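A structural walkthrough
Listed here are the chains, written in short residue letters.
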Amino acid sequence: MQKISRHPEVKWAQREDKIYITVLLPDSKNAKVNVDPDGVFTFSANAGAENIPYELKLNLLNKINVEESKINIGVRSIFCVLEKAEKGWWKKLLRGDEKVPHYVKVDWDKWVDEDDDSGPADLDLGGMDFSKFGGMDDAMGEDLDDSDDDDQEVSKPEEQSSGKEGEKLVVEKDEDAGAKVEAA
(Lines give C-alpha, C1' and ligand atoms only; values in the text may rest on other atoms or scores of the structure.)
Protein backbone atom coordinates (compact mmCIF):
# COMPACT_ATOMS: atom_id res chain seq x y z
CA MET A 1 0.00 0.00 0.00
CA GLN A 2 1.42 3.37 -1.03
CA LYS A 3 1.57 6.18 1.50
CA ILE A 4 -0.09 9.38 0.35
CA SER A 5 1.75 12.62 1.04
CA ARG A 6 0.12 15.33 3.06
CA HIS A 7 0.58 19.07 2.81
CA PRO A 8 1.99 20.93 5.82
CA GLU A 9 0.46 24.24 6.91
CA VAL A 10 2.28 27.20 5.33
CA LYS A 11 2.20 30.84 6.40
CA TRP A 12 3.59 33.72 4.36
CA ALA A 13 4.22 37.44 4.56
CA GLN A 14 6.24 39.94 2.54
CA ARG A 15 8.25 43.12 2.48
CA GLU A 16 9.18 45.09 -0.61
CA ASP A 17 12.38 43.02 -1.01
CA LYS A 18 11.55 39.69 0.71
CA ILE A 19 9.02 36.89 1.03
CA TYR A 20 8.75 35.10 4.40
CA ILE A 21 7.56 31.49 4.23
CA THR A 22 7.05 29.40 7.37
CA VAL A 23 6.32 25.68 7.00
CA LEU A 24 4.67 24.52 10.23
CA LEU A 25 5.68 20.90 10.77
CA PRO A 26 6.83 20.01 14.31
CA ASP A 27 9.47 17.29 14.71
CA SER A 28 10.07 16.94 10.99
CA LYS A 29 12.67 14.44 9.87
CA ASN A 30 14.82 14.49 6.73
CA ALA A 31 13.52 17.92 5.74
CA LYS A 32 14.46 19.06 2.23
CA VAL A 33 13.88 22.58 0.91
CA ASN A 34 14.57 23.60 -2.69
CA VAL A 35 14.28 27.11 -4.11
CA ASP A 36 15.12 27.90 -7.69
CA PRO A 37 15.55 31.31 -9.37
CA ASP A 38 12.27 30.97 -11.28
CA GLY A 39 10.36 30.96 -7.99
CA VAL A 40 9.65 27.25 -7.57
CA PHE A 41 9.66 26.40 -3.84
CA THR A 42 9.55 22.71 -2.89
CA PHE A 43 9.58 21.06 0.51
CA SER A 44 9.48 17.45 1.69
CA ALA A 45 9.85 15.79 5.08
CA ASN A 46 8.49 13.04 7.29
CA ALA A 47 6.81 13.72 10.61
CA GLY A 48 4.94 12.01 13.41
CA ALA A 49 5.32 8.63 15.05
CA GLU A 50 4.33 6.92 11.79
CA ASN A 51 6.81 8.94 9.64
CA ILE A 52 4.02 10.38 7.51
CA PRO A 53 5.41 11.98 4.32
CA TYR A 54 4.69 15.67 3.72
CA GLU A 55 5.30 17.41 0.40
CA LEU A 56 4.77 20.89 -0.92
CA LYS A 57 5.37 22.69 -4.20
CA LEU A 58 4.63 26.39 -4.59
CA ASN A 59 5.02 28.27 -7.87
CA LEU A 60 5.77 31.73 -6.51
CA LEU A 61 4.50 34.77 -8.38
CA ASN A 62 7.96 36.08 -9.39
CA LYS A 63 11.64 35.19 -9.45
CA ILE A 64 13.80 34.73 -6.34
CA ASN A 65 17.44 35.69 -5.69
CA VAL A 66 18.67 32.37 -4.28
CA GLU A 67 22.10 33.86 -3.50
CA GLU A 68 20.60 36.05 -0.76
CA SER A 69 17.81 33.72 0.43
CA LYS A 70 18.09 32.04 3.83
CA ILE A 71 16.51 28.99 5.41
CA ASN A 72 16.28 27.90 9.06
CA ILE A 73 15.24 24.30 9.73
CA GLY A 74 13.96 24.25 13.30
CA VAL A 75 12.30 21.82 15.69
CA ARG A 76 8.78 23.22 15.19
CA SER A 77 8.98 24.84 11.75
CA ILE A 78 11.06 25.66 8.70
CA PHE A 79 11.47 29.42 8.26
CA CYS A 80 12.55 30.82 4.90
CA VAL A 81 13.52 34.39 4.02
CA LEU A 82 13.41 34.53 0.23
CA GLU A 83 14.99 37.57 -1.40
CA LYS A 84 12.93 38.86 -4.32
CA ALA A 85 14.87 39.12 -7.60
CA GLU A 86 13.18 42.48 -8.20
CA LYS A 87 11.97 44.74 -5.39
CA GLY A 88 8.27 45.41 -5.36
CA TRP A 89 5.08 44.37 -3.60
CA TRP A 90 3.45 41.20 -4.89
CA LYS A 91 -0.34 41.22 -5.22
CA LYS A 92 -0.37 37.53 -4.25
CA LEU A 93 2.03 34.71 -3.37
CA LEU A 94 1.39 32.24 -6.20
CA ARG A 95 1.29 32.60 -9.98
CA GLY A 96 -1.77 31.52 -11.91
CA ASP A 97 -5.46 32.15 -11.41
CA GLU A 98 -6.27 29.15 -9.24
CA LYS A 99 -7.57 29.60 -5.72
CA VAL A 100 -4.84 29.59 -3.05
CA PRO A 101 -4.65 26.10 -1.45
CA HIS A 102 -6.36 25.81 1.95
CA TYR A 103 -3.05 25.02 3.69
CA VAL A 104 -1.42 28.35 2.59
CA LYS A 105 -2.35 31.26 4.87
CA VAL A 106 -1.22 34.81 5.49
CA ASP A 107 1.13 35.16 8.48
CA TRP A 108 -0.52 38.13 10.18
CA ASP A 109 2.23 38.18 12.86
CA LYS A 110 4.79 39.12 10.20
CA TRP A 111 2.52 40.98 7.77
CA VAL A 112 3.13 44.66 6.99
CA ASP A 113 0.99 46.66 4.58
CA GLU A 114 2.76 48.26 1.64
CA ASP A 115 2.13 51.80 2.92
CA ASP A 116 3.26 50.86 6.48
CA ASP A 117 6.62 49.36 5.51
CA SER A 118 9.23 51.34 7.41
CA GLY A 119 12.20 49.37 6.13
CA PRO A 120 13.72 45.94 5.84
CA ALA A 121 14.85 45.62 9.48
CA ASP A 122 11.44 45.75 11.14
CA LEU A 123 10.78 42.00 11.59
CA ASP A 124 11.62 40.27 14.87
CA LEU A 125 13.04 36.88 13.85
CA GLY A 126 12.82 35.49 17.38
CA GLY A 127 16.55 35.11 17.93
CA MET A 128 17.21 33.13 14.75
CA ASP A 129 20.71 33.71 13.44
CA PHE A 130 20.85 33.67 9.66
CA SER A 131 24.52 34.62 9.53
CA LYS A 132 26.27 33.96 6.26
CA PHE A 133 27.90 30.63 5.76
CA GLY A 134 31.55 31.61 6.31
CA GLY A 135 31.97 29.18 9.23
CA MET A 136 29.36 26.51 8.61
CA ASP A 137 31.27 24.11 10.85
CA ASP A 138 31.01 26.61 13.71
CA ALA A 139 27.33 27.40 13.07
CA MET A 140 26.31 23.77 13.34
CA GLY A 141 27.78 23.41 16.82
CA GLU A 142 26.51 26.64 18.38
CA ASP A 143 23.63 26.72 20.84
CA LEU A 144 20.96 29.30 20.15
CA ASP A 145 19.72 31.69 22.77
CA ASP A 146 16.12 30.59 22.27
CA SER A 147 14.48 27.35 23.38
CA ASP A 148 14.99 25.52 20.06
CA ASP A 149 18.45 24.11 20.75
CA ASP A 150 18.14 21.69 17.83
CA ASP A 151 17.60 24.39 15.16
CA GLN A 152 19.90 24.21 12.16
CA GLU A 153 20.73 27.50 10.48
CA VAL A 154 21.80 27.41 6.88
CA SER A 155 22.13 29.89 4.08
CA LYS A 156 23.56 30.05 0.58
CA PRO A 157 27.37 30.03 0.82
CA GLU A 158 28.80 32.93 -1.16
CA GLU A 159 32.18 31.22 -1.50
CA GLN A 160 30.64 28.27 -3.32
CA SER A 161 28.60 30.35 -5.74
CA SER A 162 29.36 29.58 -9.34
CA GLY A 163 27.60 32.73 -10.50
CA LYS A 164 25.45 30.71 -12.88
CA GLU A 165 21.99 32.06 -13.64
CA GLY A 166 20.19 28.72 -13.29
CA GLU A 167 21.54 27.81 -9.86
CA LYS A 168 19.11 26.80 -7.13
CA LEU A 169 19.33 26.52 -3.36
CA VAL A 170 18.94 23.05 -1.86
CA VAL A 171 18.79 22.48 1.90
CA GLU A 172 18.38 19.08 3.54
CA LYS A 173 18.21 18.08 7.18
CA ASP A 174 18.92 14.45 7.89
CA GLU A 175 18.32 13.36 11.48
CA ASP A 176 21.67 11.61 11.69
CA ALA A 177 23.88 13.84 9.56
CA GLY A 178 22.59 17.33 10.39
CA ALA A 179 21.88 19.96 7.75
CA LYS A 180 23.66 20.46 4.45
CA VAL A 181 23.38 23.02 1.68
CA GLU A 182 24.10 22.37 -1.96
CA ALA A 183 24.11 24.57 -5.01
CA ALA A 184 22.46 22.47 -7.66
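Per an unreviewed UniProt entry, the recorded name for the protein chain is Co-chaperone protein p23, and the organism is Dillenia turbinata. Recorded under Function (unreviewed entry), the UniProt text for the protein chain is reproduced unchanged: "Acts as a co-chaperone for HSP90." Listed under Sequence similarities (unreviewed entry) in UniProt, the entry text for the protein chain is "Belongs to the p23/wos2 family."

1. Remarks on the pairing of strand S6 (residues 64-73)
Strand direction decides the pairing type here: S6 and strand S7 (residues 77-84), joined by six bridges, are antiparallel. Bridge assignment links Lys 70 to a residue of S7, and that residue is Val 81. Two successive antiparallel strands, S6 and S7, enclose a turn made up of three residues.

2. A few points about the side chain of Gln 14
One can find Gln 14 in strand S1 (residues 9-14). Among the residues examined, Gln 14 registers a relative accessible area of 2% and is labelled buried. A polar contact of 2.6 Å, which involves the side chain of Gln 14, links it to the side chain of Lys 84. There is a polar contact of 2.8 Å between the side chain of Gln 14 and the backbone oxygen of Trp 90. In this structure Gln 14 touches Ile 19, Tyr 20, Lys 84, Gly 88, Trp 89, Trp 90, Trp 111 and Val 112, once residues within four positions along its chain are discounted.

What counts and what doesn't
- Residues numbered from 1 in each chain as written.
- Predicted model: local features only at pLDDT ≥ 70, side-chain atom pairs only at ≥ 80, totals over all residues.
- Heavy atoms only, no water.
- UniProt positions renumbered as here; feature names shortened; annotations may be inferred.
- Pairing = 2+ DSSP bridges.
- Helix = DSSP H or I, 4+ residues; strand = E, 2+ residues; numbered from the N terminus.
- Buried < 20%, exposed > 50% of the residue type's maximum accessible area, 1.4 Å probe, protein only.
- Polar contact = N/O pair within 3.5 Å; in protein donor to acceptor, adjacent residues only side chain to side chain.
- Contact = heavy atoms within 4.5 Å.

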